[in-house]
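Here's the letter readout for the chains.
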Amino acid sequence: MAISKVLRYLESRRNLVGCAAGAGGVGLSLAGLTGGWGPAVIVALYLAGAIIVPPSASTSMSTPPAALGPGVELTGLAERVAAIGLPSSVGAEQVLAALGAADPGRVERIVRWELPVALDGYVRARCWEALAPGGVDPTAALKAELDRMSGLL
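Residues numbered from 1 in each chain as written. Predicted model: local features only at pLDDT ≥ 70, side-chain atom pairs only at ≥ 80, totals over all residues. Heavy atoms only, no water.

**Student:** Quick question: what am I supposed to make of the overall build of the chain here?
**Tutor:** Helix and strand content of the chain: seven helices and zero strands. Ordered by position from the N terminus, the helices and strands of the chain form the series α-α-α-α-α-α-α. Out of the 153 residues in the chain, the part that is buried amounts to 23%. The long-range share in the chain, meaning contacts at least 24 apart out of those at least 6 apart in sequence, stands at 68%. Surface summary for the chain: the accessible area is close to 9,700 Å², and the carbon and sulfur share equals 68%. (Helix = DSSP H or I, 4+ residues; strand = E, 2+ residues; numbered from the N terminus. Buried < 20%, exposed > 50% of the residue type's maximum accessible area, 1.4 Å probe, protein only. Contact = heavy atoms within 4.5 Å. Areas by Shrake-Rupley, 256 points an atom, 1.4 Å probe, with all protein chains shown as cover.)

**Student:** Looking at this model, I keep getting lost on the pattern of salt bridges. Mind explaining?
**Tutor:** Side-chain pairs of opposite charge can arise where the charged atoms are in close proximity. Tallying each qualifying case throughout the model produces seven salt bridges. With a closest N to O distance of 2.8 Å, arginine 148 and glutamate 114 form a salt bridge. Placement of the pair is arginine 148 in helix 7 (residues 138-152) and glutamate 114 in helix 6 (residues 104-131), with a sequence separation of 34 residues. Residue classification places glutamate 114 among the buried positions, given a relative accessible area of 12%. Among the salt bridges present, the one from arginine 148 reaches glutamate 145, with a minimum N-O distance of 2.7 Å. Pair noted here: arginine 148 and glutamate 145 are both in helix 7, with a separation of three residues, about one helical turn. If you follow the salt bridges from partner to partner, you end up with Arg109, Glu114, Glu145 and Arg148 in one network. (Salt bridge = Lys/Arg side-chain N within 4 Å of Asp/Glu carboxyl O.)

**Student:** Where do I start with helix 3 (residues 38-52) in this structure?
**Tutor:** Note on helix geometry: an α-helix contains 3.6 residues per turn, so any two residues three or four positions apart are oriented the same way. A rise of 1.5 Å per residue sets the reference length of helix 3, with its 15 residues, at 21 Å; its end C-alpha atoms lie 21 Å apart and thus fit the reference within 8%. Gly38, Gly49 and Ala50 are the residues of helix 3 that are buried. Buried residues of helix 3, viewed axially, fall in a sector of 100°; they line one side. What points out from helix 3, more than 90 degrees from its buried face, is the exposed set Ile51 and Ile52. Summarising the contacts, the buried residues of helix 3 are in contact with helix 1 (2-10) and helix 2 (13-30). (Expected span 1.5 Å × (residues − 1). Arc of directions from axis to C-beta.)

Have a look at this one:
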């Protein structure tokens, strides 16, 4: 859980803007404009960049995840699957239907952890595939993961 929070922050707009501002501070320091205050200027610019960006909507949830019911989470996952635009050959719709019909006690880990992580991994792998083609096929990897989850039901 803590690792996902760290990864979420590392990918956030706040961190990216802060890093860009800090990189500007590195440039100022390398140009010799900061004198002995280089590290302090870099940190200050990072913090200023991170502070001026408003928090994203996902970090300001009004309802904690533990309070959500399985139906609400399945609806959110179905919307997320639709937004990602998965190929029908992956079988995500069948897994979601099976999760809705299964015992809620057995599927809690899949709904709250495994399926969201698999979807995130697919999206990230698809982005990396564009930069470095020839690796593992993201669609095949997601299909294998969904088949494994189906076997647990």
